[in-house]
Each structure stands twice: as structure tokens, then as C-alpha cells.
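Observations on chain architecture
Spelled out from the first residue to the last, the chains are:
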Amino acid sequence: SSWGNVTGGHKHSKNSIAVANLDHLDVVNGSSSRGPAHDGRLKPEVSGVGTSVYSTSNPNTYVTKTGTSMSCPGVAGTFAELYHAYKTLNSNNNPPSALMKAIIMNTADDLGNAGPDFTHGYGRINGLKAVETIEQGKYLSGSISNSGTNTHTITVPAGVRKMKVMTYWHDYRASVSAAVALVNNINTTLTDPSSTVYNPLILNYAPVSASLAAPAVPGVDIRNNHEQVTLNAPVAGNYVLTVNGASIPMGPQTYYVTWIFEMDGYTLTYPIGGEGFVPGTTETVRWNTLETVGTQSLSYSTNNGATWSNMSSALPGTLRYFNWVVPSAVSGQCLVRISRGAYTAQSDTS
């Protein structure tokens, strides 16, 4: 009941992206379809805001709309910006679409169960983390043939709270009647400096509600054309990603690897400066952080940081947003600040 209800054949395809529908507070809409695909593959891949979206409509007007038909255009628009960023850094050349899909999945903010799940995919897209991955060159490509093995070294700096490594490939088309859509099966593992080996996260696709709702666990993936290994608090040093061509009947197969290091601290994502707020209206202040324990404090300044006024001093550690009623003070020197202990972040400009 309510599982495996993604409609339409093209939405099930391996190389496209299906998008779950969230509201602006990251709650999945009840009408958002859930995976898995018919053969147990992960669907949707990511999530995006699609609830109560202000959008164009006939005849020449604006209305509020809800649905995955709203969340998908938002993700497409983010991709357009990421393509622009890649082209700017790569002599105006377009990126491989497989690489861009890998980056958007690997940098998504996890929602629901830890790791991927059949409701949210890898989580809500995060355009900032995605563009930083492109700017920092945290990606590579390779090619693998049947039974072949490639290794890639990823150097992890000190102080990383969470590391995510994804391998992705646009898979060869399956026959129409195939019970399993995956044609070229690549298996990956990540080995740390002490020679401990980690497998990617996999989901239980047995057609039982309890199994489909269960969190992902490390294992060998035999269904998807994407594999993600996650490590919490990895020690600094060289990690070896091993890419194995377990079954590549239509090879050689090009693949892409991307990784992200998430650190302690905060990034304030809204407002960042330059926005115009109307007194008495409600604005949702947003930030990124990994920490979940303790409390957070949110404040604002109307004089470029000379003094600060409290919004809330006891926000739960798990919260990543705050609905703020804009005060009546009018100023061109307003700042917003979020803090917890020694960590703090504020809007870049007034």
C-alpha cells in the first residue's frame, strides 16, 4: 500500500531523474509517489519543493500550484545554473549529463531515513553544495570493461564530519521485457587508511511495507546504476575507491565519481544580503549545518552588526529553518546571524 506507485514508464528510466514533492519546510507531500521501480531500483532520485509554488497559468496570470510537476521544473532550473557554472570553468564546454546527475544526488541534503530511501531519494537538492563541488573539482571519470578493476585515491583532510562518495554511470538500454533493467553492473568499495573496506548503501526492495520503509544498509548493489558510500567522521588520509566491472556485457562503460566533505560549522543560505523584506510579513531564515545536538541561537542587526536583537535563543539542534516575522524597523544595514557554541554564520552583506 502506497509503495511502488511511480506512474508512467519514462519516469522509471535509469538515466533520468524522478523528483519527490516537498513543501518549503521539507515535508513530503502526501501525493508524491514513492518507489521502488518495478525491479527494485531507487525512485525518486532526489526531492524538490513542489507544494504551493507560485507559478504562471493561463490566461496570462499567476496561481499557486502543487505537485511533482512543480518540483521537477525547480530541479531543472537548478541544473541550468549548474550547467552554466561548469561551462564557465571549462572553456564553455557542456558537462556530461551523467556527471551532473551524480553531483546533484551526492550533494543532496538527506531527508527521512539516513541515506537514500524510496520516499525522498538521496534528499532535497542543494544547489550551493553542488556548485561548490564543481568549483572545487571534486569529481573524476573512468572507463571499465567486464571483470576489470580500477582504483582511485581520494585524499581526506582533517576535521571532516561526513564524507559521501558516489559512482554513477548512464547505463545501456535494457530490453523491453527485461525483469531487471540494469545492464552494466559496476560494484564499488571504499578502503580507509587502516584497510577497512566499506560498501555502498542499499535498500531492501522486497515488496513488503516494512522492508521498503527500512533504512539503507551497506551491501552490494545489483539493481542501480549509482552507488554511494558514506562515512561519518573519517580520519584524515588517503582513501581508495575500487571500481569493479562485475558484469559489463555492453562495454566499455564510462562512469563518473564525485565526493563531498562536510565540515563542522554553519552556512547561512537565506538571507545572504541584498534582499528586501516587508515589515510584518513572515520570512523563512535557512541555514546548513551537520550538528543536531544542543540548541541554536538566531538574531538580527539593523546597524551592520554593531548591536544584535534576539529572534530565538533556544532553537532545537535539528532545526534548519525559522519562520521570522519581519520587525517594523526600516534599515539598509540589516544582517541575520545563526550560532551554536563556537560556530556562527551571518548574511554576507546588509
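As shown above, the structure is provided for reference.
Residues numbered from 1 in each chain as written. Predicted model: local features only at pLDDT ≥ 70, side-chain atom pairs only at ≥ 80, totals over all residues. Heavy atoms only, no water.

Quick word on the nonpolar core
Membership of the largest hydrophobic core comes to 30 residues, with the highest contact counts inside it found for L82, I104, M105, F118, Y122 and I134. If one sorts the elements of this core by residue count, helix α2 (residues 97–106) sits on top with seven residues. Apart from the residues lying within four places of it in its own chain, the contact partners of M105 are E45, V46, Y122, M166, Y168, H226 and Q228. Formed by 21 residues, the second largest nonpolar core is a distinct cluster that contains M163, I186, Y239 and V243. (Core = buried A, V, L, I, M, F, W, Y, C linked by side-chain atoms within 4.5 Å. Buried < 20%, exposed > 50% of the residue type's maximum accessible area, 1.4 Å probe, protein only. Helix = DSSP H or I, 4+ residues; strand = E, 2+ residues; numbered from the N terminus. Contact = heavy atoms within 4.5 Å.)

Side note on helix α1 (residues 68–89)
One full turn of an α-helix is made of 3.6 residues, so residues set three or four places apart face in the same direction. With 22 residues, α1 extends 32 Å from end C-alpha to end C-alpha; this agrees with the ideal 32 Å at 1.5 Å per step. Among all positions of α1, only M70, S71, V75, T78, F79, L82, A85 and Y86 are buried. (Expected span 1.5 Å × (residues − 1).)

Focus on the side chain of K14
Structurally, the position occupied by K14 is in the segment before β1 (19–22). For K14, a relative accessible area of 9% corresponds to the buried category. Engagement of the side chain of K14 in a polar contact is seen with the backbone oxygen of A181, the distance being 2.8 Å. Setting aside anything within four residues of it in sequence, one finds K14 in contact with R41, K101, Y168, D171, Y172, R173, A174, A181, L182, V183 and N225. (Polar contact = N/O pair within 3.5 Å; in protein donor to acceptor, adjacent residues only side chain to side chain.)

Notes on the sheet that holds strand β13 (residues 237–247)
To summarise the sheet geometry, strands pair through backbone hydrogen bonds and adopt either a parallel or an antiparallel arrangement. Here we have four strands laid out as an open sheet, ordered β6-β13-β8-β9, and antiparallel in their pairing. A strand with exactly one partner marks an edge of an open sheet, and here the two such strands are β6 (149–156) and β9 (197–198). Looking at chain direction, β6 and β13 are connected through eight bridges and run antiparallel. The residue of β13 that forms the bridge with T151 is T242. (Pairing = 2+ DSSP bridges.)

Description of the packing of α1 against α2
How two helices sit against one another is set out by the angle between their axes and by the gap between those axes. One can describe the packing of α1 onto α2 by two numbers: an axis separation of 11 Å at closest approach and a directional angle of 115°. The two elements α1 and α2 meet at a crossing, and its hand is right-handed. Only S97, L99, M100, K101 and I104 of α2 make contact with α1, whose side of the interface consists of T78, F79, L82, Y83 and Y86. Looking at the contact of α1 with α2, its residues break down into seven nonpolar, two polar and one charged. (Axes fitted to C-alpha atoms, helices over the stretch in contact; angles between N-to-C directions. Left-handed = near helix turned anticlockwise from the far one by under 90°. Nonpolar A, V, L, I, M, F, W, Y, C, P; charged D, E, K, R; others polar.)

A look at the pairing of strand β14 (residues 253–263)
Among the 11 residues of β14, nine are classified as buried, and the element is accordingly described as predominantly covered. Inspection of the sheet shows strand β5 (residues 139–144) paired to β14 by six bridges, in the antiparallel sense. In the sheet register, G142 faces β14, and the bridge partner there is Y255. Here strand β7 (residues 160–168) pairs with β14 via eight bridges, running antiparallel. Residue K164 lies in a different strand from β14, and its bridge partner there is I260.

Points about the packing of aromatic side chains
Tallied over the entire structure, the rule returns five aromatic pairs. Seen from their ring centres, Y86 and Y139 are 6.4 Å apart, and the 40° between their planes marks the pair as tilted. Here Y86, found in helix α1, pairs with Y139, found in strand β5; they are 53 residues apart in sequence, far enough to count as distant. Taking the relative accessible area as the measure of exposure, Y86 reaches 10% and is therefore buried. Ring geometry for Y270 against F277: centres 5.9 Å apart, planes inclined by 45°, an arrangement best described as tilted. Of the residues examined, Y270 reaches a relative accessible area of 27% and is grouped as partly exposed. Among the aromatic residues, those joined into a ring-pair cluster are Y270, F277, Y300 and W324. Directly above the ring of W3 sits R34, whose terminal nitrogen or CZ lies 3.8 Å from the centroid. (Phe/Tyr/Trp six-rings, centres within 6.5 Å; stacked < 30°, edge-to-face > 60°. Lys NZ or Arg CZ within 6 Å of the ring centre and 35° of its normal.)

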